[in-house]
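# Observations on chain architecture
These are the residues of each chain, in order.
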Amino acid sequence: MNVIEQARQAYAPTQAAIRTERSIEAQLISQITARMRQAQAATPPNFPALISALHDNRRMWTTLAADVADPSNALPNTLRAQIFYLAEFTEHHSRLVQRKEADATALIEVNTAILRGLNGQGAT
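Throughout what follows, the structure given in this document is the object of discussion. (Residues numbered from 1 in each chain as written. Predicted model: local features only at pLDDT ≥ 70, side-chain atom pairs only at ≥ 80, totals over all residues. Heavy atoms only, no water.)

Okay, the side chain of asparagine 57 next. Among the secondary structure elements, asparagine 57 is positioned in helix 3 (residues 47–69). With relative accessibility at 0%, the residue asparagine 57 sits in the buried group. Once you skip the residues sitting within four places of it in the chain, asparagine 57 turns out to touch Ile32, Met36, Thr90, Leu107 and Asn111. (Helix = DSSP H or I, 4+ residues; strand = E, 2+ residues; numbered from the N terminus. Buried < 20%, exposed > 50% of the residue type's maximum accessible area, 1.4 Å probe, protein only. Contact = heavy atoms within 4.5 Å.)

Counting residues in hydrophobic clusters, the biggest one holds 21 residues, and the most contacted among them are Met36, Leu50, Leu54 and Trp61. Every element with two or more residues in this core is listed here: helix 2 (21–41), helix 3, helix 4 (77–98) and helix 5 (105–118). The element contributing the most residues to this core is helix 3, with 7 residues. Beyond its immediate stretch of four places on either side in the chain, leucine 50 contacts Met36, Ala39, Val97 and Ala104. (Core = buried A, V, L, I, M, F, W, Y, C linked by side-chain atoms within 4.5 Å.)

On to a negative patch on the surface. The grouping of Glu21, Glu25, Asp67 and Asp70 at the surface amounts to a negative patch. Mapped onto the elements, aspartate 67 comes out in helix 3. (Patch = residues over 30% accessible without salt bridge, like charges linked within 9 Å, V, L, I, M, F, W, Y side chains within 5 Å. Areas by Shrake-Rupley, 256 points an atom, 1.4 Å probe, with all protein chains shown as cover. Salt bridge = Lys/Arg side-chain N within 4 Å of Asp/Glu carboxyl O. Lys, Arg positive; Asp, Glu negative; His and termini not counted. Charge placed at Lys NZ, Arg CZ, Asp CG, Glu CD.)

Threonine 43 connects to proline 44 through a cis peptide bond whose omega is -5°. Mapped onto the elements of the fold, proline 44 is located in the loop between helix 2 and helix 3. A positive phi angle, close to 60°, is found at lysine 100, a residue other than glycine. Position of lysine 100 among the secondary structure elements: in the loop between helix 4 and helix 5.

Below, the structure is given as structure tokens:
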């Protein structure tokens with residue numbers, strides 16, 4: 001590499017990614033939701049992939065529930081209670097999906113609604 005290239009790289013603008021907790025949460029929820037959607041939409045449905053995505057979804061919701069149960073959480077109490085309820089629903093419905101008594105559509109819809117909220121789109 002010559003001196004001109006070295007100077008160009010040294011003085012080139014850097015692009016440091018700015019990630020907020022909200023954007024990280026949105027990315028995680030989006031990835032898990034996409035995995036559930038893909039596994040369910042496969043023909044025939046990819047049950048092992050769905051179980052893997054369900055496991056990650058449950059872990060995420062368990063973490064969210066623990067976070068909102070913490071008294072120092074700054075979210076409004078009503079929102080904290082709603083998130084906790086959704087975590088309980090996710091746990092229950094995931095068990096039904098695992099037993100093949102339901103599909104993952106409700107879980108996908110819950111995650112999609114949360115994503116809309118995180119992205120400032122509100123409910124539609």
